[in-house]
Amino acid sequence: MGLNITEIRVKLTSDPRNKLKAYCSVTFENAFVVRDLKIIDGAKGPFVAMPSRKLADRCPKCSHKNNLRASYCNQCGGRLDPQRAERDTRHRPRLHADLAHPINSDCRIQLHKAVVLAYSEELEQSKQAGYKPKTFDDFDDDEFIDDDYIHELLRRKEVRERERGDAGGAAAEAGM
Ligand SMILES: [Zn+2]
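Residues numbered from 1 in each chain as written. Predicted model: local features only at pLDDT ≥ 70, side-chain atom pairs only at ≥ 80, totals over all residues.

Draft legend 1. Representation of the overall build of the protein. Counting secondary structure elements, the protein contains 2 helices and 8 strands. Across the protein, helices and strands are ordered from the amino to the carboxyl terminus as β-β-β-β-β-β-β-β-α-α. Considering only residue pairs separated by 6 or more positions, the protein has 48% of its internal contacts joining residues 24 or more positions apart. (Helix = DSSP H or I, 4+ residues; strand = E, 2+ residues; numbered from the N terminus. Contact = placed C-beta atoms within 7 Å.)

Structure (C-alpha cells):
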C-alpha cells in the first residue's frame, strides 16, 4: 500500500535563473502536512528535495553553534576547521540533513512522481491568462539554492541509485 497523498500545493519561483523551481507542500491522509519540499532543476530533469536544515556544530571554546563550513566562530572569533564536516563514502562533506523523508524506495518514487506531476501541472497553468500563483504565507521567494546543496543532493541520489542497483532493484529507473 502506498502513501495516501491528498493534496500537493506548488508555488513556482519567479526568477528563471534560479535552480530552485518551486516550493511544495504535501498533505497526507487529509491530516498531516509536510512543507518546504523543493523542486530543483537538475541536469536530468526536475528532482525533489525534502525539507532540510543546514548542519551545524558547537565551537570547542564557547559552545556557539556555527555552520560546518565556517572558518571562525561567529561568537568568539576562534579559529575553526572549515573541512570538519562528516564525509560520505566518497569523502565529500555532508552539510545538510533532511527533516522528513521517505524511508523506502517505493515511497520515495511515489512521492517524487506525484510532486513532479503537480509541478508540471502548475507550470502549464502558469502559462495561461489570468493565472494566480499559489500564496503560501511563509515562503521566501528570493531564496536561492546554493550549488553546494545541489551537488550534495545529486551525490546522495547517485549513492541511492547505486545501492538499489547492487540490491538488484529495478526502481532506479524511476529517477529520484
Ligand atoms: Zn566560539
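Draft legend 2. Seen up close, the sheet that holds strand S4 (residues 45–49). If you trace the 4 strands from one edge of the open sheet to the other, you get S1-S2-S3-S4, paired in antiparallel fashion. Strands with a single pairing partner mark the edges of an open sheet, and in this sheet they are strand S1 (5–12) and S4. Strand-to-strand twist in this sheet, taken as the mean axis angle between neighbours without regard to direction, amounts to 30°. Here 7 bridges tie strand S2 (residues 20–28) to strand S3 (residues 32–42), and the two strands are oriented antiparallel to one another. Bridging from a neighbouring strand, Ala22 pairs with Ile39 of S3. (Pairing = 2+ DSSP bridges. Axes fitted to C-alpha atoms, helices over the stretch in contact; angles between N-to-C directions.)

Draft legend 3. The arrangement of helix H1 (residues 105–126) in detail. Taking 1.5 Å as the rise per residue, H1 with 22 residues should run 32 Å; its terminal C-alpha atoms sit 31 Å apart, in good agreement. Burial in H1 covers these residues: Ser105, Leu111, Val115, Tyr119 and Glu122. Along the axis of H1, the buried residues cluster in a sector spanning 125°; they form a single face. Exposed residues on H1 whose side chains face more than 90 degrees from its buried face are Leu117, Glu121 and Glu124. (Expected span 1.5 Å × (residues − 1). Buried ≥ 20, exposed ≤ 12 C-beta atoms within 10 Å, placed from the backbone. Arc of directions from axis to C-beta.)

Draft legend 4. Structural detail: the pairing of S3. Counting the residues between successive antiparallel strands, the hairpin from S2 to S3 contains 3 residues, one of them, Glu29, with a positive phi of roughly 55°. Note that S3 and S4 share 5 bridges and pair antiparallel. Opposite Lys38, over in S4, you have Ala49 as the bridge partner. The hairpin turn running from S3 into S4, its antiparallel successor, is 2 residues long.

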